[in-house]
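Read off the chains here:
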Amino acid sequence: MKQKKSYMLLIISSTLALLIFSLFVFLLIVSPGKPKPVTDFNGKPVEGSFSEKVYLTIGGVRQGMFIRGKDPSNPVLLYVHGGPSFSEFFLIEKYPSGIENYFTVCYWEQRGGGLSFSPQLSKESLTLDQLASDAIEVTNYLRGRFKKEKIFVMAHSGGTAFAIQAVAKYPDLFHAYIGVSQITRQAESEKLAYKYMTDKFSAAGNSRMVNEFKKYPVLEDDCFLLPFFNSVLRDKSMHELGIGTMRNMKSIIKGVFYPVWTCRAYTLREKFNIWRSKLFFINKSRLRKQILESDIPSIVTRLEIPVYFISGRHDLTVNHDLSEDYLLKLDAPKKRFYTFENSAHSPMYEEPEKFLELLTRDILQEN
């Protein structure tokens, strides 16, 4: 009997070892660490195009970025991802819009996240002011490399909290500012999202979820705002109700976790660093607290360059209506607000064709 039990344990352990080894081999295969080439609308690599991974010392810290384009003479666009400091390049490759055919695009990965993660980096250095300073350094690198007096900047979600401040301080470096899911007063946005979600779960008779939300009574006590903002419950519920990353992304595991591991632009080590950063670094820094407590409409009341805000109709991760109200009050030489009716928090991934048309027809042609 003991011999039979030992034999079964050997089979089980051997099977598990084989599965783990197979998973490791699979991850190695899908982790060459090279971004896809720039392709035409038929999916063929464009002759003379470039798609590369670059590392620079920015703000005294080694930081990484992907730079892609069809033609180096095209206008340059700096893409400032959200998170905060959580790379979005895996979504850019999964939901291509084709903007590299019209712009040279720099997908900079902010300090502390993605390609720019380092265990030696101080959590105290991760602030909105420092990220704004880093963004200007990256901008000047791009201006020098591609010989452009000005570039475009497009920020998403958490990236908008500091990108708009950088643009306000150095407007002469930019053609225009594009804010996708522009942050305004995130504390108010969280309260609106909280009420929406509790109302939805209550109307559906989901008492279990209603009770889970009662653990974070943010409408009665602001001290629960940051714990709720950082909670798994918030993100999970937003995705379930279609107000999160994408309207149709119902699962964080399927929509975010798996795609990171299968994105071929990163090496296996870089993929581990993405999650090390997310789980053990970014969320333990003061950056999320700064974003939650910031009042961007009071900090930036005027921009000296054209401004374009883009929001998904169903976005409650960064409230659509608050973004629209901010733009109405923002003083700028030219400003436009675009609502994507079939999107939540990420219009460029949810409606990429419409997004490309907007960039090329309106923004590029006007500037």
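To start, this report covers the structure provided alongside it.

Definitions and limits used
Residues numbered from 1 in each chain as written. Predicted model: local features only at pLDDT ≥ 70, side-chain atom pairs only at ≥ 80, totals over all residues. Heavy atoms only, no water. Phe/Tyr/Trp six-rings, centres within 6.5 Å; stacked < 30°, edge-to-face > 60°. Helix = DSSP H or I, 4+ residues; strand = E, 2+ residues; numbered from the N terminus. Buried < 20%, exposed > 50% of the residue type's maximum accessible area, 1.4 Å probe, protein only. Lys NZ or Arg CZ within 6 Å of the ring centre and 35° of its normal. Polar contact = N/O pair within 3.5 Å; in protein donor to acceptor, adjacent residues only side chain to side chain. Contact = heavy atoms within 4.5 Å. Pairing = 2+ DSSP bridges. Right-handed = clockwise from strand over helix to strand, strands pointing away.

### Description of the packing of aromatic side chains
Now for step 1: Enumeration according to the criterion identifies 22 aromatic pairs in this entry.
Now for step 2: Look at Trp261 and Phe272: their rings are 5.1 Å apart centre to centre, the planes differ by 75 degrees, and that puts the pair in the edge-to-face class. Of this pair, Trp261 sits in helix α9 (residues 252–262) while Phe272 sits in helix α10 (residues 268–280), placing them eleven residues apart in sequence.
Now for step 3: Residue Trp261 is classed as buried on the basis of its relative accessible area, which comes to 13%.
Now for step 4: Ring plane angle 55 degrees and centroid distance 6.1 Å describe the contact between Phe340 and Phe355, whose orientation is recorded as tilted. Highlighted residues: Phe340 in strand β8 (residues 335–340) and Phe355 in helix α15 (residues 352–366), separated in sequence by 15 residues. Residues Phe340 and Phe355 agree in their burial class; the two are buried.
Now for step 5: Taken together, the ring pairs in this structure connect Phe86, Phe90, Phe257, Tyr258, Trp261, Phe272 and Trp275 into an aromatic cluster.
Now for step 6: The ring centre of Tyr55 lies 3.8 Å from the NZ or CZ of Arg62, which sits over that ring.
Now for step 7: Directly above the aromatic system of Phe229 lies the positively charged group of Arg288, at a separation of 4.3 Å from the ring centroid.

### Overview of the side chain of Glu88
Now for step 1: Relative to the elements of secondary structure, Glu88 occurs in the loop between β3 (76–80) and α2 (89–94).
Now for step 2: Polar side-chain contacts of Glu88 include one of 2.6 Å to the side chain of Tyr349.
Now for step 3: If near-sequence neighbours (up to four positions away) are discounted, Glu88 is found in contact with Tyr79, His81, Gly82, His156, Met348 and Tyr349.

### So, the pairing of strand β6 (residues 174–180)
Now for step 1: Counting buried positions along β6 gives six out of seven residues, so the element sits mostly inside the fold.
Now for step 2: Relative to β6, strand β5 (residues 151–156) runs parallel, the two sharing five bridges. In the sheet register, Val153 faces β6, and the bridge partner there is Tyr177.
Now for step 3: Since β5 and β6 lie parallel, the crossover through helix α4 (residues 160–169) that links them has a hand, and here it is right-handed.
Now for step 4: Of the strand pairs in this sheet, β6 and strand β7 (residues 307–312) are connected by four bridges, and their pairing is parallel. Note on β7: the bridge partner recorded for Gly179 is Phe309.

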